[in-house]
Amino acid sequence: MSYRTLVLLSGALLLASFAAVALLAGRASEREFATELERESWRLETAYVVLQGELEHEMLSIADLLASDLEVRRLLTDGDAAVREEGGQGGGERSAHLRAALARRIAPQWERMRQEIGLRQMHFHLAPEAVSFLRMNAPDEFGDSLARIRHLVPDVQGDGRRRSGFEIGPSYAGIRGVVPVLAPDSERMVGTLEVGVSLAGHIERLSQQTGVGYGVLLAPWAVRGVMFEAFEPPRIGGPDGGLLLAASRGELAAWLAESRLPRDQGRHQSTRLEWHGHHYLLVRFPLRDYAGRLDPARAPIGSVVVWKDIAEQTASCRRASERHLRLILIVYLAVQLLVLELLNLSRREWRRQLEVRTAELRDQEAELIRLATTDSLTEVFNRRHFLEQLVAQIARLQRLGESCALLLIFLDHFKQVNDTYGHAVGDEVLRHFARLACRGLRQIDLVGRIGGEEFAVLLPGEGMDGAMKAAERIRQSIASEPTPTSTAAGMVGVTVSIGVTRLATTDTGPDTALGRADTALYRAMAAGRNRVVSLSPAEDAP
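We now turn to the structure provided with this report.

Thoughts on the sheet that holds strand E3 (residues 163–168)
Each strand in a sheet pairs with its neighbour through backbone hydrogen bonds, running either in the same direction (parallel) or in the opposite one (antiparallel).
Here is step 1: The five strands lie next to each other as E2-E1-E5-E4-E3, forming an open sheet whose pairing is antiparallel. Edge positions in the sheet fall to strand E2 (131–135) and E3, since each of these pairs with one other strand and no more. Neighbouring strand axes in the sheet, compared pairwise and without regard to direction, differ in orientation by 30° on average.
Here is step 2: With eight bridges joining them, strand E4 (residues 173–182) and strand E5 (residues 189–197) adopt antiparallel strand pairing. Bridge pairing in E5 places Leu-182 opposite Met-189.

Remarks on the pattern of salt bridges
Here is step 1: Overall, the coordinates contain 33 salt bridges when judged by the stated rule.
Here is step 2: A salt bridge links Asp-69 to Arg-105; the nearest nitrogen and oxygen atoms lie 2.9 Å apart. Within this pair, whereas Asp-69 is found in the loop between helix H1 (3–67) and helix H2 (70–85), its partner Arg-105 is found in helix H3 (residues 93–117), the two being separated by 36 residues in sequence.
Here is step 3: Given a relative accessible area of 39%, Arg-105 falls into the partly exposed group.
Here is step 4: The salt bridge partner of Glu-251 is Arg-249, with a shortest N-O separation of 3.3 Å.
Here is step 5: Residue Glu-251 is classed as buried on the basis of its relative accessible area, which comes to 15%.
Here is step 6: The network of salt bridges with common partners includes Arg-150, Glu-167, Arg-176 and Glu-194.

A word on the side chain of His-268
Here is step 1: As for its placement among the helices and strands, His-268 is situated in the loop between helix H7 (251–257) and strand E8 (269–275).
Here is step 2: Separated by 3.1 Å, the side chains of His-268 and Ser-41 make a polar contact.
Here is step 3: A distance of 2.5 Å separates a polar atom in the side chain of His-268 from a polar atom in the side chain of Glu-45.
Here is step 4: When sequence neighbours within four positions are dropped, the list of residues in contact with His-268 reads Glu-38, Ser-41, Trp-42, Glu-45, Val-283, Arg-284, Phe-285 and Pro-286.

Some thoughts on the state of the cysteines
Here is step 1: Under the counting rule described, the total for this entry stands at zero disulfides.
Here is step 2: Cysteine Cys-404 remains unbridged, with the sulfur of Cys-438 as its closest cysteine sulfur at 16 Å.
Here is step 3: For Cys-438, a relative accessible area of 39% puts it in the partly exposed group.

Comments concerning the sheet that holds strand E10 (residues 302–309)
Here is step 1: Spatially, five strands are ordered E7-E6-E10-E9-E8 in an open sheet, and the strand pairing comes out antiparallel. Edge positions in the sheet fall to strand E7 (243–247) and E8, since each has one partner strand and no second. Neighbour to neighbour, the strand axes of the sheet diverge by 25° on average, direction disregarded.
Here is step 2: Where strand E9 (residues 278–287) meets E10, eight bridges bridge the pair, whose relative direction is antiparallel. The partner of Pro-286 across the bridge, within E10, is Ser-303.
Here is step 3: Helix-sheet contacts for helix H5 (residues 200–210) involve strand E6 (213–218) and E7, and the interaxial angle to E6 is about 150°.

Rules of the game
- Residues numbered from 1 in each chain as written.
- Predicted model: local features only at pLDDT ≥ 70, side-chain atom pairs only at ≥ 80, totals over all residues.
- Heavy atoms only, no water.
- Pairing = 2+ DSSP bridges.
- Helix = DSSP H or I, 4+ residues; strand = E, 2+ residues; numbered from the N terminus.
- Axes fitted to C-alpha atoms, helices over the stretch in contact; angles between N-to-C directions.
- Salt bridge = Lys/Arg side-chain N within 4 Å of Asp/Glu carboxyl O.
- Buried < 20%, exposed > 50% of the residue type's maximum accessible area, 1.4 Å probe, protein only.
- Polar contact = N/O pair within 3.5 Å; in protein donor to acceptor, adjacent residues only side chain to side chain.
- Contact = heavy atoms within 4.5 Å.
- Disulfide = S-S within 2.5 Å.

Next comes the structure, spelled out in structure tokens:
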């Protein structure tokens, strides 16, 4: 074999070897890129789920606030009696008078929340037939019942438990929260209050904050026979399109019109889409309404579409591939030892980048978990996570006999703080309370915000004596340390009323223990507030 042939053969073998290396590296880079995009798609879905959960919590908070107004409760109670006396359905003259009085009572809150958060609905229903008494968005329409096509209101009127979720109604589809309205002189439920908001404004704000597009599509079958034709969302594209309920940006409507959207498969799916010179990560996942969350076998009523411009990531991946090719040419002209060293350096750099990216993903995942379990204002646990911990404590008590006490804390006359100094000062008071409460507790104790000015504390391992001492420490700390504010209000002082109980093996769920603590709290408030009252399971027994 001649020297020239040997050189050519060696060069060809070297080129073939590094061409194979380049091919494998390109595939690994593409797999890594695809894996990163898949993780990003799940983060985008989680962000939407968190948004919907926050909206549901906000709707319930608004409804709870209005339903706790004694004058609202009195007017609805009188309206219920008037409707029954005047023949049912819409009632007569007295019913109309009470309906108008109720509308005037909540008109300021209705107008303010319509402007501030885009509220679409405040709707009072009479129990138990879910008959409409007052629609603030359509005050001239009343006397009908939507129980046949809606589930939230009948379910709440069935057991008196507040609920929330996405539902399609005759005039709009959106997030709704429904709470019971009780008679002012008893615990009798006379009706329900439904508060609802559309998704459009909220996904637009989320899109502006994140640079990500959001859209909601409804299945035609889910709208048919429920929503009035005049209010139906537009249908864009062919049979694989759907009814476009809301979109934060215009790309989604264009993709539907051009049939570029992948077919809905009823599960989480992600794909890459190139359109007008831009590269997008497109995520589509099922949209389930309130009934669908109760019954997983029920078909989704539509889908949520999320899309993100990944032109920069795509270009970065392309540039990485080009760098690999240039490296091959350099290595082809270099000695084999230098080639091996360069490959080792490249591998170490890839591992370092992967470790950095993995650490970032872990941090992002931890932050998402924190956001999903923490109240954003006070930095204590939110209602959902606190109730999960309460269920777990009851289970430990029933299985292992581990004792645990429960405190239910209510900030006395907190509404007056908001009315007098404004909601910004009210927020500072809530944060100050949370800091003081956590300061006086152990690390294993759990504090949660379960309502506007209502908090709860779990004290694992404590009995009634220890719980009463902890509650008294909190009460004295709040009473003696007013909230320093950054406004002209200066120092704002509040007091708290606390109901104390301990968990029992007979507790069938969190509502049992919370109900016992709530009874003790009610007694503390009835006795003049700014005090601690306990109620043991034995005292609460029938």
